[in-house]
Amino acid sequence: MLVTALILSLLQSSPNTLTPAERAAGWHLLFDGRTLAGWRGLGYDTVPTAHWVVVNGAIKKIASGDVPRVADGRPLVGGDLMTVDSFADFELSWEWKVTPGANSGVKYNVSEAMSMAQGGAGTGGGPTHSALGFEYQILDDDRHEDGKLPSHRAGALYDLIAPNERKHLRPVGEWNRSRIVFRGNHGEHWINGEKVVEFELGTARMDSLLAASKYRTIPGFGDRRRGHIVLQDHGDEVYFRNIKVRPL
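Asks: Quick one: what's the story with the packing of aromatic side chains, residue by residue and with numbers?
Replies: One pass over the structure, following the stated rule, counts eleven aromatic pairs. Here Trp94 and Tyr136 contribute two aromatic rings whose centre-to-centre distance is 4.9 Å and whose plane-to-plane angle is 75°, an arrangement assigned as edge-to-face. Taken as a pair, Trp94 in strand β6 (residues 90–98) and Tyr136 in strand β8 (residues 134–139) lie far apart in primary sequence, 42 residues in all. Aromatic ring contacts, followed pair by pair, group Phe87, Phe90, Tyr108, Phe134, Phe182, Phe199, Tyr215 and Phe221 into a single cluster. Looking at Lys97, its charged tip hangs above the ring of Tyr239, at a distance of 5.3 Å from the centre.

Okay, here's the thing in structure tokens:
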């Protein structure tokens, strides 16, 4: 029994660490639990630290209403937080939790150049630089307006594919575990151990969904590319930790 307990304790990973098995499988940490090394603001050389900080082993998006303000009363600029590195085929795993009514997301297949070309100034303390890419929606489904639209609920491929009935969210304030698989033209969204979205780029179904979405006017949006992974600044307080990636 003691041997079994010891083995289990060695296999169980603390937040922001890798088990020996994960290292052997090729996983890498994207967040060390202490700093924002390996990240920068989209369109910036550094992190917008008025909006993104590390608190108790998690990346915290500070709510825009709590951001320090400059002399004329405007909040310091923010924007999405982007990995310095870019990725082609990968598996991404992370944990997240929201505050009541919060909205955020994890974006991938992100072109910084496309994002900057399409971007505009934010209002009311919102982001000035917003990533364009496929989005794994993060949301308080019950309190946010987006929860009324199936393709805008937590776990969705935002504005394209709603999560299926296998989705089970944990209560607001508790950690959810999510996973994205993106390989070739194939994509998957997982939440708390269940696959809730699956898609294939380049199919008639996906082309139809893109043509009916908010992305339809953006040339090349749905093209497959080596892209960045992004944590969205939607102005609300959210938390991320245990962010890991494995090239496929």
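Asks: Quick rundown of the pattern of salt bridges? Include the residues and the values.
Replies: Applying the stated criterion across every chain, the model contains 14 salt bridges. The partner of Arg224 in a salt bridge is Asp89, with the nearest N and O atoms 2.5 Å apart. Of this pair, Arg224 sits in the loop between α4 (204–211) and β12 (228–231) while Asp89 sits in the loop between β5 (81–83) and β6, and the two are 135 residues apart along the sequence. Overall, the relative accessible area of 27% leaves Asp89 in the partly exposed class. The shortest N-O distance in the salt bridge between Arg143 and Asp140 comes to 3.0 Å. The class for Arg143 is exposed, based on a relative accessible area of 54%. Several salt bridges converge on common partners, so that one network encompasses Glu91, Arg179 and Arg246.

Asks: With reference to specific residues and values, describe the sheet that holds β12.
Replies: The strands that make up a sheet are held in pairs by hydrogen bonds between backbone atoms, and each pair lies either parallel or antiparallel. Overall, antiparallel pairing links the five strands, which are arranged β2-β5-β12-β7-β8 in an open sheet. The outermost strands of the open sheet, each flanked by one partner alone, are β2 (39–41) and β8. Sheet twist, expressed as the mean angle between neighbouring strand axes with direction ignored, is 25°. Pairing geometry for β5 and β12, over two bridges, is antiparallel. Its bridge partner lying in β12, Leu81 is registered against Leu231.

Asks: How would you summarise the nonpolar core if you had to cite specific residues and measurements?
Replies: Core analysis: the biggest nonpolar cluster contains 46 residues, and Leu92, Trp94, Val106, Phe240 and Ile243 have the highest contact counts within it. When contributions to this core are tallied by element, the ones reaching two or more residues are β6, β7 (103–110), β8, β9 (176–183), β11 (194–200), α4, β12 and β13 (238–247). When near neighbours in sequence (up to four residues on either side) are disregarded, Val106 contacts Leu92, Trp94, Phe134, Glu135, Tyr136, Ile138, Ile180, Ile229, Val230, Leu231 and Phe240. Grouped together as the second largest cluster of nonpolar side chains are five residues, Leu42, Val110, Ala131 and Val230 included.

Asks: Lay out the environment of Glu188 in plain terms, naming residues and giving numbers.
Replies: Secondary-structure assignment places Glu188 in strand β10 (residues 186–191). Excluding its chain neighbours within four sequence positions, the residues that come into contact with Glu188 are Arg179, Ile180, Val181, Lys195, Val197, Glu198 and Phe199. Polar side-chain contacts of Glu188 include one of 2.8 Å to the side chain of His186. At 2.8 Å, the side chain of Glu188 forms a polar contact with the side chain of Trp190.

Asks: Quick rundown of the pairing of β8? Include the residues and the values.
Replies: Taken across its six residues, β8 has six buried, putting it largely inside the fold. Here β8 shows two buried faces, one formed by Phe134, Tyr136 and Ile138 and the other by Glu135, Gln137 and Leu139. Note: β7 against β8, six bridges, orientation antiparallel. Considered in β8, the bridge of Asn103 is made with Leu139.

Asks: Describe the pairing of strand β3 (residues 52–55), listing the residues and the values that go with them.
Replies: Pairing of β3 with strand β4 (residues 58–61) involves four bridges; the strand directions are antiparallel. By the bridge assignment for β4, Val54 is matched with Ile59. In this structure, the hairpin formed by β3 and β4 is closed by a connection of two residues, where Asn56 is found at a positive phi of approximately 50°.

Asks: Which residues make up the environment of Asp141, and what values do they have?
Replies: Note that Asp141 resides in the loop between β8 and β9. What Asp141 contacts, discounting residues up to four positions off in sequence, is Gly147, Arg153, Ala154, Lys167 and Leu169. Among the polar contacts listed, one links the side chain of Asp141 to the backbone nitrogen of Ala154, at a separation of 2.9 Å.

Procedures and definitions
- Residues numbered from 1 in each chain as written.
- Predicted model: local features only at pLDDT ≥ 70, side-chain atom pairs only at ≥ 80, totals over all residues.
- Heavy atoms only, no water.
- Phe/Tyr/Trp six-rings, centres within 6.5 Å; stacked < 30°, edge-to-face > 60°.
- Helix = DSSP H or I, 4+ residues; strand = E, 2+ residues; numbered from the N terminus.
- Lys NZ or Arg CZ within 6 Å of the ring centre and 35° of its normal.
- Salt bridge = Lys/Arg side-chain N within 4 Å of Asp/Glu carboxyl O.
- Buried < 20%, exposed > 50% of the residue type's maximum accessible area, 1.4 Å probe, protein only.
- Pairing = 2+ DSSP bridges.
- Axes fitted to C-alpha atoms, helices over the stretch in contact; angles between N-to-C directions.
- Core = buried A, V, L, I, M, F, W, Y, C linked by side-chain atoms within 4.5 Å.
- Contact = heavy atoms within 4.5 Å.
- Polar contact = N/O pair within 3.5 Å; in protein donor to acceptor, adjacent residues only side chain to side chain.

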